[in-house]
Amino acid sequence: MKLTCDEATTICDKSQYKEASLWEIIKLNIHILLCKNCGLYSKQNSIMTKCYEKHSNQEDIKKCLGDEEKAAMEKELKAKI
Amino acid sequence: MSQKKHTLDPDKWIKSHADYLFNYTISRVNNHEMAKDLVQETFFAGLKAMKNFQGKASERTWLISILKRKIIDYYRKINSAKGKAEVKMNFYADGEREGEWIEERVPTSWNSETEKSIENEELSNTLELCIGKLPEKYELVFRMKTIQQFETEEICKELDITSSNLWVIIHRARTQLRKCMEDNWFQN
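Thresholds applied
Residues numbered from 1 in each chain as written. Chains lettered and ligands numbered in written order. Predicted model: local features only at pLDDT ≥ 70, side-chain atom pairs only at ≥ 80, totals over all residues. Heavy atoms only, no water. UniProt positions renumbered as here; feature names shortened; annotations may be inferred. Core = buried A, V, L, I, M, F, W, Y, C linked by side-chain atoms within 4.5 Å. Buried < 20%, exposed > 50% of the residue type's maximum accessible area, 1.4 Å probe, protein only. Domains from an automatic or database assignment. Contact = heavy atoms within 4.5 Å. Disulfide = S-S within 2.5 Å. Helix = DSSP H or I, 4+ residues; strand = E, 2+ residues; numbered from the N terminus. Axes fitted to C-alpha atoms, helices over the stretch in contact; angles between N-to-C directions. Parallel < 35°, antiparallel > 145°, perpendicular 65-115°, else oblique. Nonpolar A, V, L, I, M, F, W, Y, C, P; charged D, E, K, R; others polar. Buried area = accessible area lost by both parts, 1.4 Å probe. Salt bridge = Lys/Arg side-chain N within 4 Å of Asp/Glu carboxyl O. Polar contact = N/O pair within 3.5 Å; in protein donor to acceptor, adjacent residues only side chain to side chain.

Chain B appears in an unreviewed UniProt entry as RNA polymerase sigma-70 factor, ECF subfamily from Lutibacter oricola. The UniProt entry for chain B carries the following text under Sequence similarities (unreviewed entry): "Belongs to the sigma-70 factor family. ECF subfamily."

For chain A, the name recorded in an unreviewed UniProt entry is Glycine dehydrogenase, with Lutibacter oricola as its organism.

Visitor: Sorry if this is basic, but what is going on with the nonpolar core here?
Guide: Nonpolar side chains tend toward joint burial in soluble globular proteins. Counting residues in each nonpolar core, the largest one holds 61 residues, and the members touching the most others are B:W13, B:F43, B:F142, B:L159, B:L166, B:M181 and B:F186. Here this core spans two domains, and each of domain 1 (10–80) and domain 2 (103–186) of chain B adds at least three residues to it. Look past the residues within four positions of B:F43 in its chain and what remains in contact with it is A:M73, A:L77, B:W13, B:I14, B:H17, B:A18, B:L21 and B:L63.

Visitor: Which parts of the structure should I look at to understand the state of the cysteines?
Guide: Working definition: the covalent bond between the sulfur atoms of two cysteines is a disulfide. According to the stated counting rule, one finds one disulfide over all chains in the structure shown. Put simply, B:C130 and B:C180 are joined by a disulfide, and their sulfur atoms are 2.1 Å apart. Residues B:C130 and B:C180 are joined through a disulfide that is left-handed, its torsion about the S-S bond being -80°. Here the residue B:C130 occupies a position in helix α5 (residues 123–132), and B:C180 occupies one in helix α8 (residues 163–186), the gap between them amounting to 50 residues. Assessed through its relative accessible area of 2%, B:C130 is described here as buried. For B:C180, a relative accessible area of 10% corresponds to the buried category. Free of any disulfide, A:C38 has its nearest neighbouring cysteine sulfur in A:C35, separated by 3.6 Å. Overall, the relative accessible area of 3% leaves A:C38 in the buried class.

Visitor: When you look at the UniProt feature "domain: RNA polymerase sigma factor 70 region 4 type" (unreviewed entry) in chain B in this model, what are you seeing that I'm missing?
Guide: According to UniProt, the positions carrying the feature "domain: RNA polymerase sigma factor 70 region 4 type" (unreviewed entry) are residues 126–177 of chain B. Between the C-alpha atoms that bound residues 126–177 of chain B there is a distance of 10 Å. The span itself is 81% helix and 0% strand.

Visitor: What's the story with the packing of helix α1 (residues 5–16) of chain A against α8(B) in this structure? I'm lost.
Guide: At their nearest, the axes of α1(A) and α8(B) sit 9 Å apart, and the two run at 95° to each other. The angle between α1(A) and α8(B) falls in the class roughly perpendicular. Counting all contacts with α1(A), which are made through A:D6, A:T9, A:T10, A:D13, A:K14 and A:Q16, the residues of α8(B) involved are B:W167, B:H171 and B:R174. The residue inventory of the contact of α1(A) with α8(B), partitioned by class, reads one nonpolar, four polar and four charged.

Visitor: Explain the UniProt feature "domain: RNA polymerase sigma-70 region" (unreviewed entry) in chain B to me, please; I cannot follow it from the model alone.
Guide: Here the UniProt feature "domain: RNA polymerase sigma-70 region" (unreviewed entry) sits at residues 14–77 of chain B. Taken end to end, residues 14–77 of chain B is 81% helix and 0% strand, and its first and last C-alpha atoms sit 27 Å apart.

Visitor: Where do I start with the interface of chain A and chain B in this structure?
Guide: Interfaces are frequently sized by the accessible area removed from exposure as the parts join. Chain A puts 40 residues into the contact, and the matching count from chain B is 56 residues. Counting each side, the surface lost to burial between chain A and chain B is near 4500 Å², with a carbon and sulfur contribution of 62%. A per-residue breakdown of the area chain A buries against chain B is headed by A:Y17, A:Y52 and A:L77, which together make up 15% of the total. Across the contact surface, chain A and chain B share four salt bridges. Among the salt bridges present, the one from B:K145 reaches A:E19, with a minimum N-O distance of 2.7 Å. Seen at the junction of chain A and chain B, the total is 19 residue pairs in polar contact (both at pLDDT 80 or more).

If you want it as structure tokens, here you go:
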């Protein structure tokens, strides 16, 4: 029933991906009521999740090969054909 | 009527398949240069193996099957390699205080501008730097889970790790990232 801070923060991380069970979340919330440090960790963790989401949306732009890169690949490949 | 036999035309590989293969790779490898190298290696391997092509599958399917093996090899290498850096632990690993916060690693309050600073365009750059400082395996698992948003099960299958393994890695990666962002972003 009683969690260590290590376990509490792990559950907190899982819940950022909506993969913590209901029971885990109840235990986490009880822990947070009693532990200031984990309360702060939890609050900051949600902020970090927002950062990651924002970053994730920006990343999409770089997900293709540039024309120059393709030209270089083409050259290397042709040399081997 | 017999089925049309597929043929290979390496002269057109880059034009027809480079983008597709790169896209497939980047979502699994998460590193532009590495993904590019894997795609190029796939084409080279394809050239070498041309005589084994039986024409049953399409050219692209055939190339993807080569690429898949390249990616698995890459994962294996990461799995066995030691990380770039050691991740500092936040909790006592044993003794009377096992599982409790180590004093100097207790979270500190961020300034009140925190929420606003998330909207700053440069946040992504700092975050990218911090992610780059993670040990290689942590970086890969973190990116697949958080940035690429793969299912837990899929990551475990591709990387051959257990789900409790995955959560330990995610937890350590997130804790290190939080610390790195705390030092480089939230307190400025």
